[in-house]
Structures are given as structure tokens and as C-alpha cells.
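Spelled out, the chains give:
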Amino acid sequence: QVQLVESGGGWVQTGGSLRLSCVASGDIFTNYAMSWFRQALGKEREFVASVARNGGPKLYADVVKGRFRISRDNAKNIVYLDMDSLKPEDTAVYYCGARDILDQYGIATTVDIWGQGTQVTVSS
């Protein structure tokens with residue numbers, strides 16, 4: 001199965017931007033729908049965004065729609081999360097996730113494989 005390693009987290013002021021990356025290895029990247037989740041301190045992990053195997057269909061949580069953008073580069077085995085107009089409530093550990101899915105247009109709001117997470121802190 002695929003292994004996932006996130007990077008790109010850090011500290012940013014309100015209104016700033018960050019790009020998270022998730023590099024996949026160990027299996028055929030295009031077998032997987034890819035997603036981002038986040039978990040704030042003391043809260044449950046929540047869905048942020050997902051992109052289908054072929055990079056076409058995408059789904060976003062309402063709280064990030066219009067501010068975040070998910071994309072993938074299947075030649076490089078990387079999925080990105082571009083985050084703009086960040087708010088303090090976006091502060092969380094962000095996790096990359098993968099789900100082996102037959103439908104190349106399918107979105108994954110649940111995943112089977114997780115990365116280790118990367119911290120994003122937005123100061124007011």
C-alpha cells in the first residue's frame with residue numbers, strides 16, 4: 001500500500017497563505033483518491049478536501065470552499081493543498097489521506113491510509 005509524507009506546514013498570520021504537499025510512495029499513486037483532513041486541538045478530525053484519481057472531480061468542506069484548493073501531480077506522486085485567506089480557526093494538524101478506489105472519478109471522504117500530519121498555526 002502507499003505511504004504518505006506531508007510537508008509545508010508552519011506559522012502564518014491571519015490572511016496569509018501556505019501550500020501543503022503530500023508525497024506518496026510504495027504503490028501506484030493513480031489507484032488512490034487523495035484527501036486532506038485536519039484535527040484541531042481537542043476536536044475530532046474533519047474532512048477538508050478530496051481529489052479523484054484522475055485529478056478531475058474535487059470536493060471541499062464548506063468551511064474552506066473558495067479559500068483552499070486541492071490538486072495532484074500524478075507524474076510526481078504528489079497531492080497539494082493550497083490555502084489562502086487563512087484564519088485562526090484553520091489552526092490544526094493537517095493530514096493527507098489515501099483511499100484505494102476503483103472509480104477514477106470518485107472522491108474519498110473517508111480514507112484507509114494516513115500520513116503523519118503537519119502542523120499549521122494561524123495567528124490573529
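Now for a description of the structure that goes with this document. These figures come from a predicted structure and were not determined experimentally.

### Some thoughts on the state of the cysteines
(1) Moving on: A complete count under the given rule lists one disulfide for this structure.
(2) Moving on: Bridging Cys22 to Cys96, the disulfide has an S-S length of 2.1 Å. Taking the sign of the torsion about the S-S bond as the criterion, the disulfide between Cys22 and Cys96, at about -80 degrees, is left-handed. Taken together, the positions of Cys22 in strand 3 (residues 18-25) and Cys96 in strand 9 (residues 92-100) put the pair 74 residues apart, joining distant regions of the chain. The pair formed by Cys22 and Cys96 is uniform in burial state, with each residue classed as buried.

### Quick notes on the environment of Lys76
(1) Moving on: Tracing the backbone through its elements, the reader meets Lys76 in the loop between strand 7 (68-73) and strand 8 (78-83).
(2) Moving on: Considering only alpha carbons, one finds Lys76 and Ala49, 27 residues apart in sequence, at a separation of 20 Å.

### So, the pairing of strand 11 (residues 118-123)
(1) Moving on: Sheet analysis places strand 2 (residues 10-13) next to strand 11, joined by four bridges and oriented parallel. When the bridges of strand 11 are listed, Trp11 appears paired with Thr121.
(2) Moving on: Here strand 9 pairs with strand 11 via three bridges, running antiparallel. Bridge pairing in strand 11 links Ala92 to Val120.

### Considerations on unusual backbone geometry
(1) Moving on: For Asn77, which is not glycine, the phi dihedral falls at a positive 60 degrees.
(2) Moving on: Tracing the sequence through the fold places Asn77 in the loop between strand 7 and strand 8.
(3) Moving on: Even without a glycine there, the phi angle at Ser85 is positive, about 50 degrees.
(4) Moving on: Looking at where Ser85 falls in the secondary structure, it is placed in the loop between strand 8 and strand 9.

### Quick word on the packing of aromatic side chains
(1) Moving on: Throughout the structure, instances matching the rule amount to three aromatic pairs.
(2) Moving on: Between the aromatic rings of Phe37 and Trp114, the centroid separation amounts to 4.9 Å while the plane-to-plane angle is 75 degrees, which identifies the pairing as edge-to-face. Within this pair, whereas Phe37 is found in strand 4 (residues 32-39), its partner Trp114 is found in strand 10 (residues 113-114), the two being separated by 77 residues in sequence.
(3) Moving on: Under the relative-accessibility criterion, Phe37 is labelled buried at 6%.
(4) Moving on: For Trp114, a relative accessible area of 35% corresponds to the partly exposed category.
(5) Moving on: Where Tyr95 meets Trp114, the ring centres are 6.2 Å apart and the plane angle is 80 degrees; that geometry is what we call edge-to-face. A residue pair is termed long-range when its members are at least 10 positions apart, and Tyr95 in strand 9 and Trp114 in strand 10 qualify at 19 residues.
(6) Moving on: For Tyr95, a relative accessible area of 13% translates into the label buried.
(7) Moving on: These aromatic residues form a ring-pair network of at least three members: Phe37, Phe47, Tyr95 and Trp114.

Cut-offs and rules
Residues numbered from 1 in each chain as written. Predicted model: local features only at pLDDT ≥ 70, side-chain atom pairs only at ≥ 80, totals over all residues. Heavy atoms only, no water. Disulfide = S-S within 2.5 Å. Helix = DSSP H or I, 4+ residues; strand = E, 2+ residues; numbered from the N terminus. Buried < 20%, exposed > 50% of the residue type's maximum accessible area, 1.4 Å probe, protein only. Pairing = 2+ DSSP bridges. Phe/Tyr/Trp six-rings, centres within 6.5 Å; stacked < 30°, edge-to-face > 60°.

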